[in-house]
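Notes for the structure review
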Amino acid sequence: MADNNVFLAAQKQIRLACERLGIDMGYYEILKQPKRVIEISIPVRMDDGRIEVYTGYRSQHDDTLGPAKGGVRFHPSVTVDEVKALSMWMTIKCAIVGVPFGGGKGGVNCNPKNLSQREIEEITREYIRGISPIIGSDKDIPAPDVYTNQQVMAWMVDEYSKIKGYTDHGIVTGKPLLLGGSVGRNEATAMGCVITTMEALKKLNMSLDEATVVIQGFGNAGFNLAKILYEAGAKIIGVSDSKGALFNQEGLVPKELLEIKKSKGSVIYGEGEVITNQKLLETKCDVLIPAALENQINEKNACRIKAKIVAEAANGPTTVAASKILNERKILVVPDILASAGGVTVSYFEWVQNRMNYYWTDQQVNEKLEKIMADAFQNIYQMHEEKSVDMREAAFMIAINRVVQGLKLRGL
Ligand SMILES: NC(=O)C1=CN([C@@H]2O[C@H](COP(=O)(O)OP(=O)(O)OC[C@H]3O[C@@H](n4cnc5c(N)ncnc54)[C@H](O)[C@@H]3O)[C@@H](O)[C@H]2O)C=CC1
Ligand SMILES: O=C(O)CCC(=O)C(=O)O
């Protein structure tokens, strides 16, 4: 279904923003696709002796406002169109929070769940060798995304540093602290989503400690969201992972669920009713947070979403058609390009700290993050009210306007 093609969706969103801003559509022609996309083959000797060849991509959408920036995903559904769309959303995301980066994204089509640590390391190293000509701490800086983590970032630093002949910590962000990581980066995507969700709750005269929350996905974004929200007093009534969903009206305890997931492989073994991921999304709650994959809220289920706020920690969880339905139903959406921008914001802090070789405290990171995220929310909300556009359109308009101003200043 065309509505599920995230590349076409990203194009539509950018086009609409250009039209609403009344800018020269030549700028749309520039921004409707990435500047550069590389596709590489990744041959790996598997543990059983076979050679397996994976396909990897790196897309650099735009670098007008700074080097390309964005995560790398290892997942069986990675396609070139997905990586292109994700890189387009990174340009928009960075412009919204005002970090001096453009948009990039990468991915390898593989299933880490079926791979050993050694095989994942081999894929990572070969991926970095393949994309090394186009990345660099002033060119394009990868980071973690779905099914990649601090360990994968550490291998990336090592492989890139070997190619260069010196240690270059600034080549990726989301690293372990010992290798130039920043405090707060691991929780940053979740923290950014919490800050913007709290702003959204204020607009509805609600507070976090009265709110019921449902979260789809229990990885870096989803688990940290559940933990921070639980500790702030919210009631987490539903969570899920790729194996299914768990519902408990009395509330779930995230840290206990994490232990259960570690020992038994899924949150569904926690205390509560096991339901499907689809049913989870349709659960009555105050805040629904998709924190897994794309296209989860679509034309089929958008009319059954019962949340007052949808805060999109995942990239692209809502299709273009569903977004319209949520807006018509007056559900307040904190769009992905805002709600998930905490990760790249602290990645920017990490990159700055690597350049200074001087490291900040938790408090320094969190105060800066809070201000950036809350200000970005207010700017978007103001645009949403002034121009009578939905929150996503408002966010795109602010971002596209900034990128186009940058292009003009640079002479285009
Ligand atoms: N890690 C980061 O810093 C950032 C992540 N994001 C976005 O957040 C989302 C989640 O990413 P991470 O938490 O980093 O990934 P992760 O790999 O840490 O966790 C992914 C989670 O999603 C679950 N999942 C996979 N398929 C699912 C399905 N069909 N239904 C329900 N759950 C499913 C997995 O079981 C896992 O719990 C993605 O859209 C990613 O692009 C956005 C900004 C930054
Ligand atoms: O931290 C980063 O550089 C990028 C994170 C990312 O991939 C995202 O925001 O989707």
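Computed from a prediction, not measured in an experiment: that's the story for all the values here.

1. A few points about the nonpolar core
Grouped together as the largest cluster of nonpolar side chains are 88 residues, with contacts concentrated most on Ile96, Ile215, Leu225, Leu229, Ile289 and Ile400. Considering each element in turn, this core owes the most residues, 11 residues, to helix α14 (residues 391-409). Composition of this core by domain shows at least three residues from each of domain 1 (34-168) and domain 2 (188-339). Residues in contact with Ile400, not counting those within four places in the same chain, are Ile14, Ala17, Cys18, Leu21, Ile23, Leu31 and Ile92. Residues Cys110, Trp155, Val157 and Tyr160 belong to the second largest nonpolar core, which totals 26 residues.

2. Description of the UniProt feature "active site" (unreviewed entry) in the chain
Within the UniProt annotation, "active site" (unreviewed entry) is assigned to Lys105. In this fold, Lys105 is placed in strand β4 (residues 102-109). Apart from residues no more than four positions distant in its own chain, Lys105 is found in contact with Tyr57, Arg58, Ser59, Gly70, Gly71, Val83, Leu86, Ser87, Met90, Asp145 and Asn315.

3. What to know about the site of ligand 2
In the neighbourhood of ligand 2, 14 residues make up the surrounding shell, with Lys69, Gly71, Lys93, Lys105 and Ser347 lying closest. Contacts to ligand 2 include Gly71, whose backbone N or O atom sits 2.8 Å from an oxygen atom. Within the side chain of Lys93, an N or O atom sits 2.7 Å from an oxygen atom of ligand 2. Relative to its unbound accessible surface of 290 Å², ligand 2 loses 96% to contact with the protein. Among the elements of the structure, β3 (68-75), α3 (80-97) and α12 (342-356) are those that each provide at least two residues to the shell around ligand 2.

4. Focus on the domain arrangement of the chain
In terms of domains, the chain is made up of domain 1 (34-168) and domain 2 (188-339). When each unit is reduced to the centre of its C-alpha atoms, the spacing between domain 1 and domain 2 is 27 Å. The three residues of domain 1 that bury the most area against domain 2 are Trp89, Lys93 and Ile96, which together make up 45% of that side's buried surface. On inspection of domain 1 and its partner domain 2, the count reaches one salt bridge. Between Glu294 and Arg73 there is a salt bridge, with the nearest N and O atoms lying 2.6 Å from each other. The interface formed by domain 1 and domain 2 contains three residue pairs in polar contact (both at pLDDT 80 or more). Going through the elements one at a time, β3 and α3 are the ones with two or more residues in the side of domain 1 that touches domain 2. In terms of residue class, the side of domain 1 that touches domain 2 is made up of six nonpolar, one polar and six charged.

5. Regarding the sheet that holds β4
Within the open sheet, the five strands sit side by side as β1-β2-β4-β3-β5. Their pairing is mixed. Whereas interior strands pair on both sides, the edge strands pair on one side only; in this sheet they are β1 (36-45) and β5 (140-144). With strand direction ignored, the average angle separating the axes of adjacent strands in the sheet is 20°. Packing against the sheet, α3 makes contact with β1, β2 (51-62), β3 and β4, and its axis sits at approximately 150° to β4.

6. Some words on the packing of aromatic side chains
Inspection of the entire model under this criterion finds seven aromatic pairs. When the ring of Phe101 is compared with that of Trp351, the centres are 5.0 Å apart and the planes differ by 70°; the resulting orientation is edge-to-face. A residue pair is termed long-range when its members are at least 10 positions apart, and Phe101 in the loop between α3 and β4 and Trp351 in helix α12 qualify at 250 residues. Both residues of the pair, Phe101 and Trp351, belong to the buried class. Arranged with centres 6.3 Å apart and planes meeting at 35°, the rings of Tyr348 and Trp351 form a pair that is tilted. Here Tyr348 pairs with Trp351, and both are found in helix α12, just three residues apart, close to one helical turn.

7. Let's talk about the site of ligand 1
Near ligand 1 there are 24 residues, and of these Asp145, Tyr147, Asn220, Ala292 and Asn315 occur at the shortest range. A distance of 3.0 Å separates an oxygen atom of ligand 1 from a polar atom in the backbone of Ser242. Separating an oxygen atom of ligand 1 from a side-chain N or O atom of Asn315 is a distance of 2.8 Å. For ligand 1, whose unbound accessible area comes to 820 Å², protein coverage reaches 90%. At the level of secondary structure, the elements contributing two or more residues to the shell around ligand 1 comprise α6 (185-203), α7 (220-231) and β7 (235-241). Across the shell around ligand 1, the residue classes break down as nine nonpolar, 10 polar and five charged. Split by domain, the residues of the shell around ligand 1 number at least three in each of domain 1 (34-168) and domain 2 (188-339).

8. A closer look at the pairing of strand β8 (residues 244-247)
Burial along β8 is two-sided: Gly244 and Leu246 and Ala245 and Phe247, pointing in opposite directions, are all buried. Alignment of β7 against β8, held across four bridges, turns out to be antiparallel. Residue Ser240 lies in a different strand from β8, and its bridge partner there is Ala245. Connecting β7 to the antiparallel partner β8 that follows it, the hairpin turn spans two residues. Bridging between β8 and strand β9 (residues 273-275) involves three bridges; their strand directions are antiparallel. When the sheet's bridge partners are listed, Ala245 is paired in β9 with Ile275.

Reading the values: rules and limits
- Residues numbered from 1 in each chain as written.
- Chains lettered and ligands numbered in written order.
- Predicted model: local features only at pLDDT ≥ 70, side-chain atom pairs only at ≥ 80, totals over all residues.
- Heavy atoms only, no water.
- Core = buried A, V, L, I, M, F, W, Y, C linked by side-chain atoms within 4.5 Å.
- Buried < 20%, exposed > 50% of the residue type's maximum accessible area, 1.4 Å probe, protein only.
- Helix = DSSP H or I, 4+ residues; strand = E, 2+ residues; numbered from the N terminus.
- Domains from an automatic or database assignment.
- Contact = heavy atoms within 4.5 Å.
- UniProt positions renumbered as here; feature names shortened; annotations may be inferred.
- Near = heavy atom within 4 Å.
- Polar contact = N/O pair within 3.5 Å; in protein donor to acceptor, adjacent residues only side chain to side chain.
- Areas by Shrake-Rupley, 256 points an atom, 1.4 Å probe, with all protein chains shown as cover.
- Buried area = accessible area lost by both parts, 1.4 Å probe.
- Salt bridge = Lys/Arg side-chain N within 4 Å of Asp/Glu carboxyl O.
- Nonpolar A, V, L, I, M, F, W, Y, C, P; charged D, E, K, R; others polar.
- Pairing = 2+ DSSP bridges.
- Axes fitted to C-alpha atoms, helices over the stretch in contact; angles between N-to-C directions.
- Phe/Tyr/Trp six-rings, centres within 6.5 Å; stacked < 30°, edge-to-face > 60°.

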